[in-house]
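# Summary of structural features
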Amino acid sequence: MQAVTLGPAGTYSHRAARAVADDVAFRESVTAIVEAVADGEYDRGVVPVENSIEGSVTESLDALTEAEVSVVREIVTPIRHALLAQAETFDVVASHSQALAQCRDYLEREYPDVRQEAVASTARGVERAREDASVAGIGHPANAVADDGGVDLRVLAEDIQDQSSNATRFLVVAPEAERSEAGGKSSVVVYPGANYPGLLLEVLEAFADRDVNLSRIESRPSGERLGDYLFHIDFEAGMYEDRARAAVDDVAAIVDDGWVRVLGSYDTEHVVS
């Protein structure tokens, strides 16, 4: 099995993907990852969907809405950010926009005059630091050592994230035909196709009336017109359960002018390495 995730090698996505497959390829965007799985180019894709500090990764939510794929697994991994550079002084700190945001307080306190540069991934920021002594990167401490004989970096500070509980959820994406009803959690996307007082309440009651706990609900623009939304819903039940199927069937009846897409049921794995 071959998996594809955000590159280059050394990203937190790469760490999560190694729990899925030994053979890991890379893309520069979540959209490209999901499309590669939908097109049959790769067996699995691993995409970040939510961080405990910065919240949802909207590109992942949008990509899962657009592509014909399923979700078959969830991976949760702690995020340990370190400041990596060739020397103690630098002019720029480069990393993924989420990593910069997760270290906002530290950077404003310790390096208020250093310019921040958002790049495609944490590993790309570390690459910038290897190439340019005036640039520091933010990434896992293990990324300080170059695997390919390149420039080793100094670990100037460890655990610089603003919250020690920092963790990220990754979803494992598979072809649509591999969607499963087995697992402790499920994800669905709901497009109401309508807007009236009490609509969202009706959707929520379909789950509440059957004692199905929602672990996350998030609205995203549908792209159809301004003010038109769809909802990403995660709930703590597998689609093999009668209560889950009945709740989703009720939601489908409520939003009969729109649609419901079941992404799949899955279990959660915690990866700490």
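Note that the structure is predicted; figures quoted are calculated from it, not measured. (Residues numbered from 1 in each chain as written. Predicted model: local features only at pLDDT ≥ 70, side-chain atom pairs only at ≥ 80, totals over all residues. Heavy atoms only, no water.)

We now examine the packing of helix α2 (residues 30-38) against helix α3 (residues 58-66). Remark: α2 packs on α3, axes separated minimally by 9 Å, with the N-to-C direction vectors making an angle of 25°. Here α2 is positioned roughly parallel relative to α3, judged by the angle of their axes. Both α2 and α3 take part in a crossing whose hand is right-handed. Of the residues in α3, those touching α2 at V30, T31 and V34 are E59, S60 and A63. The residue inventory of the contact of α2 with α3, partitioned by class, reads 3 nonpolar, 2 polar and 1 charged. (Axes fitted to C-alpha atoms, helices over the stretch in contact; angles between N-to-C directions. Helix = DSSP H or I, 4+ residues; strand = E, 2+ residues; numbered from the N terminus. Parallel < 35°, antiparallel > 145°, perpendicular 65-115°, else oblique. Left-handed = near helix turned anticlockwise from the far one by under 90°. Contact = heavy atoms within 4.5 Å. Nonpolar A, V, L, I, M, F, W, Y, C, P; charged D, E, K, R; others polar.)

Turning to the nonpolar core, a few remarks are in order. Core analysis: the largest hydrophobic core is formed by 24 residues, its most contacted members being V34, V47, L64, V69 and L171. Counting residues per element, the ones that place at least two in this core are β1 (2-6), α2, β3 (44-51), α3, β5 (69-78), β11 (167-175), β12 (185-191) and β15 (259-266). Element by element, the count of residues in this core is highest for α2, at 5 residues. Inspection of this core shows a minimum of three residues originating in each of domain 1 (1-78 + 167-179) and domain 3 (180-267). Apart from the residues within four sequence positions on either side, L64 is in contact with V69, V71, L171, V173, R261 and L263. In this structure, F207, V212, F231 and V251 belong to the second largest nonpolar core, which totals 17 residues. (Core = buried A, V, L, I, M, F, W, Y, C linked by side-chain atoms within 4.5 Å. Buried < 20%, exposed > 50% of the residue type's maximum accessible area, 1.4 Å probe, protein only. Domains from an automatic or database assignment.)

Looking now at the UniProt feature "domain: ACT" (unreviewed entry) in the protein. Per the UniProt record, the feature "domain: ACT" (unreviewed entry) sits at residues 188-265. Between the C-alpha atoms that bound residues 188-265 there is a distance of 9 Å. The span itself is 29% helix and 33% strand. (UniProt positions renumbered as here; feature names shortened; annotations may be inferred.)

One pass over the structure, following the stated rule, counts 22 salt bridges. Its salt-bridge partner being E54, residue R104 comes within 3.9 Å of it at the nearest N-O pair. With R104 in helix α5 (residues 104-110) and E54 in the loop between β3 and β4 (55-56), this pair connects stretches of sequence that are 50 residues apart. For R104, a relative accessible area of 37% gives the class partly exposed. Through salt bridges with shared partners, a single network forms among E50, E74, R169, K185, R216, E218 and D234. (Salt bridge = Lys/Arg side-chain N within 4 Å of Asp/Glu carboxyl O.)

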